[in-house]
Amino acid sequence: METEDDVRRVLQMLRPGAPGRLPAVAAPIATAPTVTASPAAADCPPLFRPTLRPPTPILTVCDDGEEDGESIRIRKDCFAIGRTEGDLVLPNDAQISGRHAELRQALVRGKYRWSLNDLQSTNGTYVRVGQAILEHGQEFIIGCTRFRFEKQAATDSAGPKASSAAEQATRFWQAPAASGGQCAAIVELTDAGQGARFLLEGPENWVGKDTARCQIVMSKDPLVSPRHARIHRQDDGRWVVENNKSINGVWLRVEQISFKGTCRFMLGEQKFIIQTPQ
């Protein structure tokens with residue numbers, strides 16, 4: 001996932017008039033400055049923190065276009081979010097399912113770990129990522145456009161030769177194969193079904209508004225940066241989507257993901273920040 005420092009640096013660079021940093025909701029308590037050095041200072045114990053209960057994460061429900069909003073302390077092992085039921089109900093977003101997703105805590109090898117779980121929602125749960133490997137059928141969002149990644153093996157040309165009658169028959173269209181025996185594409189997903197299909201013709205494909213430097217141009221999406229993201233093929237043949245320090249980021253659809261520290265996720269049009277104590 002994209003680190004919180006990466007997101008903050010982009011916000012500082014692209015929004016000079018806005019506050020530069022997120023509220024430090026999970027920051028440690030500052031100690032009073034030491035006036036004089038003392039031989040016993042090296043033996044000073046750390047500040048008290050609870051050890052017999054789990055740490056308390058803070059969930060921020062981001063307000064319209066802002067990085068701050070309502071802060072909720074999560075003091076239970078499972079916290080559900082939905083449009084009609086759950087621990088947090090958001091009734092005004094029609095893209096959120098009745099019971100959409102949950103944050104769940106578990107004790108793993110003596111340490112508390114958190115995970116974000118989709119609850120078979122209609123429109124999915126998305127997390128903001130710096131880069132991610134794309135599997136066949138993977139969905140992701142750039143700007144406000146949703147895509148599905150598709151990859152299929154190229155037709156094997158080493159098979160038995162077709163008969164002369166078959167050679168003269170009309171053949172179904174097939175996309176040209178990329179090097180390595182694979183052809184890949186991203187398909188726009190809309191409310192009406194599949195939209196535009198973009199073939200990934202080379203090992204590197206840029207997505208953005210810059211017509212001169214992007215192979216996939218998204219001129220009609222107001223939330224897309226000039227060179228928003230890069231989709232490239234690794235030496236092992238796997239495809240990767242990578243955010244290019246864009247202000248609105250790249251969001252990957254997940255069924256379940258474990259995290260520590262800070263995680264940004266989106267349900268419908270509502271964005272959240274979850275911060276867990278380290």
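The structure reproduced in this document is the subject of the present report. (Residues numbered from 1 in each chain as written. Predicted model: local features only at pLDDT ≥ 70, side-chain atom pairs only at ≥ 80, totals over all residues. Heavy atoms only, no water.)

### A short note on the sheet that holds strand β6 (residues 111–118)
Part 1 of the argument: On the basis of which strands lie adjacent, the open sheet formed by five strands has the order β4-β3-β5-β6-β18 and mixed pairing. Taken across any chain shown, the strands that pair with only one partner, and hence form the sheet edges, are β4 (88–89) and β18 (256–259).
Part 2 of the argument: Across eight bridges, the pairing between strand β5 (residues 101–108) and β6 is antiparallel. Counted as the bridge partner of Val108 is Lys111 from β6. (Pairing = 2+ DSSP bridges. Helix = DSSP H or I, 4+ residues; strand = E, 2+ residues; numbered from the N terminus.)

### A look at the pairing of strand β9 (residues 139–142)
Part 1 of the argument: Both faces of β9 are covered, namely the face carrying Glu139 and Ile141 and the face carrying Phe140 and Ile142.
Part 2 of the argument: Two elements, β9 and strand β17 (residues 250–254), share three bridges in a ladder whose sense is antiparallel. Within β17, the residue paired with Ile142 across the bridge is Val250. (Buried < 20%, exposed > 50% of the residue type's maximum accessible area, 1.4 Å probe, protein only.)

### Focus on the pattern of salt bridges
Part 1 of the argument: The final tally for this structure, using the stated rule, is 12 salt bridges.
Part 2 of the argument: When the shortest N-O distance is used, the salt bridge between Arg99 and Glu85 registers 3.8 Å. Placement of the pair is Arg99 in the loop between β4 and β5 and Glu85 in the loop between β3 (78–82) and β4, with a sequence separation of 14 residues.
Part 3 of the argument: What makes Glu85 partly exposed here is its relative accessible area of 41%.
Part 4 of the argument: The shortest N-O distance in the salt bridge between Asp210 and Arg213 comes to 3.0 Å.
Part 5 of the argument: Classification of Asp210 by relative accessible area gives buried; the value is 19%.
Part 6 of the argument: For Arg213, a relative accessible area of 44% gives the class partly exposed. (Salt bridge = Lys/Arg side-chain N within 4 Å of Asp/Glu carboxyl O.)

### A look at the side chain of Ser225
Part 1 of the argument: Note that Ser225 resides in the loop between β14 (216–217) and β15 (229–233).
Part 2 of the argument: Residue class for Ser225 comes out buried when judged on its relative accessible area of 13%.
Part 3 of the argument: Setting aside residues up to four positions removed in sequence, Ser225 forms contacts with Gly208, Lys209, Ser246 and Ile247. (Contact = heavy atoms within 4.5 Å.)

### A closer look at the packing of aromatic side chains
Part 1 of the argument: For the coordinates displayed, the defined rule picks out four aromatic pairs.
Part 2 of the argument: A centroid spacing of 6.5 Å and a plane angle of 50° characterise the contact between Phe149 and Trp239, whose relative ring orientation is tilted. Placement of Phe149 in strand β10 (residues 145–153) and of Trp239 in strand β16 (residues 239–243) is noted, with a sequence separation of 90 residues between them. The burial state of Phe149 is the same as that of Trp239; both residues are buried.
Part 3 of the argument: Pairwise contacts between aromatic rings join Phe140, Phe147 and Phe198 into one cluster. (Phe/Tyr/Trp six-rings, centres within 6.5 Å; stacked < 30°, edge-to-face > 60°.)

### Things to note about the pairing of strand β20 (residues 270–275)
Part 1 of the argument: For β20, the buried fraction is high: five of the six residues fall into the buried class.
Part 2 of the argument: Here strand β1 (residues 58–62) runs beside β20; their pairing, made up of four bridges, is antiparallel. From the neighbouring strand, Thr60 faces β20, where its bridge partner is Ile273.
Part 3 of the argument: Strand direction decides the pairing type here: strand β19 (residues 262–267) and β20, joined by six bridges, are antiparallel. Note that in β20 the partner of Cys263 across the bridge is Ile274.
Part 4 of the argument: Hairpin connection between β19 and β20: a loop of two residues separates the two successive antiparallel strands, and Gly268 in this loop has a positive phi of roughly 60°.

Function-wise, these values are silent; they only describe arrangement.
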